[in-house]
Amino acid sequence: MSNWQKVIVLLVIISLGVAFGGYVFYRDAYKKPRATLAEQRAQSEQKIEQGRLQIKNMQDFSTSYLSLYTRSFPLNPQSVRLQYPIWLTQMLEFCNFEDVNIRLDERPVNIAGGRLTTLGFHVTGKCSLTDLTQFLYEFYWTPFLHRIQALDITPIEGSDELNVRVTINCLTIRYRSNPQQAYPLQNDLPLSVDAPRQLSSGPLAAYHTIVDLDNFRAVRTGIDATSLALLTSTSAVTDENGKKAVKATWFLQDAGTRISASVGETITVGSFVAKVLDISDDLVILEQNSDRIWALPLGYTLNQAVAIPYNLY
């Protein structure tokens, strides 16, 4: 191979090396960094857009739920502890509650990172089902940020009254959406007059069905006369005048005696007084206080009677 040929081969090799090295340099020093920068820019723009959407959602939330601020309890917890029991006592008196006792939690509970505070109130008292319905109606139409966390109801034997225990939570929003916002109030209960729609129906009369049905069953603890009055028979008997009548017979286990009654007659066992409405082969229907119906199967004691909605019988 001549010298010129060697020079040409060398120049070709050098050219190929320069071309390959230039491509590698372009790829590593320019193309890859540019692609990385473009990817980082796209990620940054995506985060910026997400931030804008979050800000917009927060603004929309503040606008849509501005009434929550006007319904919030006072920023000062002591004002809540002093003023809400007064309102609650007046409401319970209005709804004819008796033997009312109100107990407060010792301290408020911070939630949502301290932006919200709840304070619990525990109420006990006695009332009728009608009065309880009235109270629940008034409670949920009141534009306060309060809710009933727990409701325990126990019927009182021999009366239309109920023992009621209620746990109520009051919510305070601890911040304002802007410095000039007047709400939440510092020391006063909410002043909002726009009652939120928390009930499915507006008028109280829509809830009278709850009272009319009265599906509560009397709760009797321990052993009493009704738990020892066993319905033993529902049979036809003939009186001294030769007339046939169907009578229900109870065996009073505590006294060792029996009592019988036909349709229209009244039985009295302990504090339980009721009129016999109907007698079938295996069931007796009783009416108590002209507004409560009980069904008692054969072989059961009086305290095992099942309440029947009055308007269904």
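Heads up: these notes are all about the structure in this document. (Residues numbered from 1 in each chain as written. Predicted model: local features only at pLDDT ≥ 70, side-chain atom pairs only at ≥ 80, totals over all residues. Heavy atoms only, no water.)

**Some thoughts on helix H3 (residues 77-94)**
Stated precisely, the cut-off is as follows: Helix and strand definitions follow DSSP, with helices as H or I runs of at least four residues and strands as E runs of at least two, each counted in order from the N terminus. In this scheme, a helix's expected span is set at 1.5 Å multiplied by one less than its residue total. Relative accessibility decides the category of a residue: with a 1.4 Å probe and only protein chains considered, values under 20% of the type maximum give buried, values over 50% give exposed, and everything between is partly exposed. In what follows, a contact means two residues having at least one pair of non-hydrogen atoms within 4.5 Å.
Helix length check: H3 (18 residues) gives 26 Å between terminal C-alpha atoms against 26 Å at 1.5 Å per residue, within 8%. Turning to H3, its buried residues number three or more, namely Ser79, Val80, Tyr84, Pro85, Trp87, Leu88, Met91 and Leu92. Residues of H3 that are buried in the fold lie against strand E1 (98-104), strand E3 (116-128), helix H4 (129-141), strand E4 (146-155) and strand E5 (161-173). Remark: Asn96 follows H3 within two positions and exhibits a positive phi of approximately 65°.

**A closer look at unusual backbone geometry**
Despite not being glycine, Asn96 shows a phi value in the positive range, around 65°. Structurally, Asn96 can be placed in the loop between H3 and E1. In this structure Asn96 comes out as partly exposed when scored by relative accessible area, which is 47%. Within the chain, Asp99 stands out as a residue other than glycine whose phi angle is a positive 50°. Among the secondary structure elements, Asp99 is positioned in strand E1.

**Some words on the pairing of strand E10 (residues 272-279)**
Test applied: Between any two strands, at least two bridges found by DSSP are needed for them to pair.
When strand E9 (residues 266-269) meets E10, the two strands line up antiparallel, connected through four bridges. Counted as the bridge partner of Val269 is Phe272 from E10. Two successive antiparallel strands, E9 and E10, enclose a turn made up of two residues, where Gly270 displays a positive phi of approximately 60°. With four bridges joining them, E10 and strand E11 (residues 283-288) adopt antiparallel strand pairing. What sits directly across from Asp278, in E11, is Ile285. Two successive antiparallel strands, E10 and E11, enclose a turn made up of three residues.

**Observations concerning the sheet that holds strand E8 (residues 257-262)**
We count it as follows: For helices, the fitted axis covers only the stretch in contact; all axes are lines through C-alpha atoms, and the angles between them, taken along N-to-C directions, range from 0 to 180 degrees.
The strand order across the open sheet built from three strands is E6-E7-E8, with neighbouring strands paired in antiparallel fashion. Lying at the two open borders of the sheet, with one neighbouring strand each, are strand E6 (229-238) and E8. Sheet twist, expressed as the mean angle between neighbouring strand axes with direction ignored, is 30°. Across six bridges, strand E7 (residues 244-252) lies against E8 in antiparallel orientation. Counterpart to Leu252 in the pairing with E8 is Thr257.

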